[in-house]
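What the coordinates show
So the chains spell out like this:
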Amino acid sequence: ARQIVQVCAGGERVLCGDSMKSLAVLEGEGGEGGGSGGYSVLVDRDGIIADIGKSDEIAAKYNREDIDNIIDATGKCVIPGLVDAHTHAVWAGDRVHEFAMKLAGASYMDVHRMGGGIHFTVKYTRAANEDTLLSLLLNRMRQMSQSGTTLVECKSGYGLDLENEVKMLRVIEEARKVVPMEISSTYCGAHAVPKEKTSAQATQDILDRQIPHIVSLVKAGQLQVDNIDVFCEKGVFDVVQSRAILQAGRDAGMQINFHGEELNRLHSAEMGAELGALAISHLEEVSPEGISAMARAGTVAVALPTTAYMLRLRPPPVRDMIEGGVAVALGSDFNPNAHCLAMPVVMNLACVVLHMSMPEALAASTINAAHALGQSAMHGSLERGKWGNLVLLGAPT
Ligand code: NIG
Ligand code: FE
């Protein structure tokens, strides 16, 4: 167990779980409707929620002497640990000059075609060693954790060749051992077409060399890879290539979770739904048919408001997706082009830019995001049997 109870807003951190061998109870008055004595959450020594309920009932059921640690949450609000369903957190190099280009009118794809964007980051990430990448990643993850994130998706995708994609996945594996968060790892070797290849050659290399090699490392117990991702986009990987890569990943045991319908409507949402994708990210250009297909397939939509904001894109039609029966999750999409590590900021943007309600944004950043990563059995809500990942807000509601 590597669980942590955090106070949002940069406050004090209280560890529970293995590191302190503690049994923690959170006590509080409860907000409106909390009744007398409020609610308590009991976390066992393995970091699992053992019980949750009215404080007087919990007090009657357990002996105080058996409880190692009591955290007084009076006047605070306790929510589940936040889940960030989409990040690109392993990279080196700085692209601030591209922000200037975009402010002067260049589009994301203009910069990409000029050899910048992902290509720029690939150059610097290939040149960086594992130690450098790990320390950059850990610094970012520490900041995510301070903003309440307890489960985070983290991709490769700035290596674009076998050696460097594996290097990125190894860095994620190292981070898993030390960060006080759970990581869902994603192989994204199809994040862009490397400069030395055509998209057909890159697809072939991924299918024939990269996926089989990664699978052999997983089988040898050297890596854990949870998801397969591609950037399905005009000028990157088309729908046919993306489908082949996603299928190969799924056949190798990875969950399908990919970038689709961001800048152009390619009907990749329909393709993903047909493959039974667990989640599709972006979806700014998704069609009504794509929304229906995702709803039927139970594919989660991962909305990324930081990107729509940074790139001045049309925001994804989140209201249509929610009304159409698609579960919507949120991610920071932290990447060299969108520097946001804090899910509370993402939630705020989701309300303002995507027209989500506050309860929708909270669900999208907890239980729905956990579901987008196939982890809702243990993450995303405060329920008996799940990890005791609690965020204490310094606010009464
Ligand atoms: O999700 N759209 C593709 N990938 C990233 C951006 C990565 C980058 O520009 O480095 C995204 O926004
Ligand atoms: Fe992304």
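Conventions we followed
- Residues numbered from 1 in each chain as written.
- Chains lettered and ligands numbered in written order.
- Predicted model: local features only at pLDDT ≥ 70, side-chain atom pairs only at ≥ 80, totals over all residues.
- UniProt positions renumbered as here; feature names shortened; annotations may be inferred.
- Helix = DSSP H or I, 4+ residues; strand = E, 2+ residues; numbered from the N terminus.
- Near = placed C-beta within 6 Å.
- Nonpolar A, V, L, I, M, F, W, Y, C, P; charged D, E, K, R; others polar.
- Buried ≥ 20, exposed ≤ 12 C-beta atoms within 10 Å, placed from the backbone.
- Expected span 1.5 Å × (residues − 1).
- Contact = placed C-beta atoms within 7 Å.
- Core = buried A, V, L, I, M, F, W, Y, C linked by C-beta atoms within 7 Å.
- Pairing = 2+ DSSP bridges.
- Axes fitted to C-alpha atoms, helices over the stretch in contact; angles between N-to-C directions.
- Arc of directions from axis to C-beta.
- Domains from an automatic or database assignment.
- pLDDT = per-residue confidence, 0-100.
- Left-handed = near helix turned anticlockwise from the far one by under 90°.
- Parallel < 35°, antiparallel > 145°, perpendicular 65-115°, else oblique.

Regarding the UniProt feature "domain: Amidohydrolase-related" (unreviewed entry) in the protein
Under the feature "domain: Amidohydrolase-related" (unreviewed entry), the UniProt entry names residues 78-393. Here residues 78-393 is 46% helix and 15% strand, with 6 Å between the C-alpha atoms at its ends.

A short note on the site of ligand 1
All residues adjacent to ligand 1 are His88, Gly117, Ile118, Thr121, Phe231, His259, Glu262, Thr307, Asp333, Asn335, Pro336 and Asn337. Here the shell around ligand 1 is built from residues that sort into three nonpolar, seven polar and two charged.

Description of unusual backbone geometry
Phi is positive for leucine 160, close to 60°, though the residue is something other than glycine. Positionally, leucine 160 belongs in the loop between strand E9 (149-155) and helix H6 (162-178). In this structure leucine 160 comes out as buried when scored by C-beta crowding, with 28 C-beta atoms within 10 Å. Positioned with a positive phi, histidine 267 is a non-glycine residue whose angle comes to about 65°. With respect to the helices, strands and loops of the structure, histidine 267 is situated in the loop between strand E12 (255-260) and helix H9 (268-274). You can call histidine 267 partly exposed: it has 17 C-beta atoms within 10 Å.

What to know about H6
Taking 1.5 Å of rise per residue, 17 residues should cover 24 Å, and H6 covers 25 Å from first to last C-alpha, within 8% of that figure. Along H6, the residues that are buried comprise Glu165, Val166, Lys167, Met168, Leu169, Val171, Ile172 and Ala175. Close packing links the buried residues of H6 with helix H5 (130-146), E9, strand E10 (182-190) and helix H7 (199-219).

Quick look at the nonpolar core
Core analysis: the largest hydrophobic core is formed by 102 residues, its most contacted members being Val90, Ala301, Val302, Ala303, Ala329, Leu330 and Ala350. Broken down by element, this core gets its largest block of residues, six residues, from H6. When residues no more than four places from it in sequence are discounted, the contact partners of alanine 303 are Leu283, Pro316, Val318, Val328, Leu330, Ala350 and Leu354.

Considerations on the sheet that holds E10
One open sheet accounts for eight strands, arranged E8-E9-E10-E11-E12-E13-E14-E15; its pairing is parallel. Each edge of the open sheet carries a strand with a single partner, namely strand E8 (82-84) and strand E15 (328-330). Strand-to-strand twist in this sheet, taken as the mean axis angle between neighbours without regard to direction, amounts to 25°. Relative to E15, strand E14 (residues 300-303) runs parallel, the two sharing three bridges. Its bridge partner being in E15, alanine 301 is matched across the sheet by valine 328. Against the sheet, helix H13 (residues 343-352) engages E8, E9, E14 and E15, with an angle of about 135° to E15.

What about helix H10 (residues 288-297)?
Counting along an α-helix, one turn takes 3.6 residues, and residues three or four places apart therefore face a common direction. Three or more residues of H10 are buried, namely Gly290, Ile291, Ala293 and Met294. Buried residues in H10, looked at end-on, bunch into an arc of 165°, giving them a common side. H10 presents Pro288, Glu289 and Arg296 as exposed residues on the side facing more than 90 degrees away from its buried surface. Of the surrounding secondary structure, the elements contacted by the buried residues of H10 are H9, strand E13 (279-282), E14 and helix H12 (318-323).

Focus on the domain arrangement of the protein
For the protein, the domain assignment lists domain 1 (4-80 + 383-393) and domain 2 (82-372). Here the C-alpha centre of domain 2 lies 33 Å away from the C-alpha centre of domain 1.

With respect to the confidence of the model for the protein
The pLDDT averaged across the protein works out to 90; a share of 91% of its residues lies at or above 70. For residues 29-36, every residue scores under 50 in pLDDT, and the model assigns this stretch 12 contacts once sequence neighbours within four places are set aside. With a pTM of 0.92, the predicted complex shows an ipTM of 0.97.

A short note on the packing of H6 against H7
Relative orientation of the contacting elements H6 and H7 amounts to 35°, with a least axis distance of 10 Å. Of the two elements, H6 crosses H7, and the hand of that crossing is right-handed. In this structure, H6 contributes Leu162, Glu165, Val166 and Leu169 to the contact, and H7 contributes Arg209, Gln210, His213, Ile214 and Leu217. Looking at the contact of H6 with H7, its residues break down into five nonpolar, two polar and two charged.

Details of the packing of H7 against helix H8 (residues 239-251)
Two numbers describe how H7 lies on H8: the axes approach to 10 Å, and their chain directions differ by 5°. Considering their axes alone, H7 and H8 lie roughly parallel with respect to each other. Across the interface between the two elements, Ser199, Thr203, Ile206, Leu207 and Ile211 from H7 touch Gln241, Ala244, Ile245, Ala248 and Gly249 from H8. Taken together, the residues that form the contact of H7 with H8 break down as six nonpolar, four polar and no charged.

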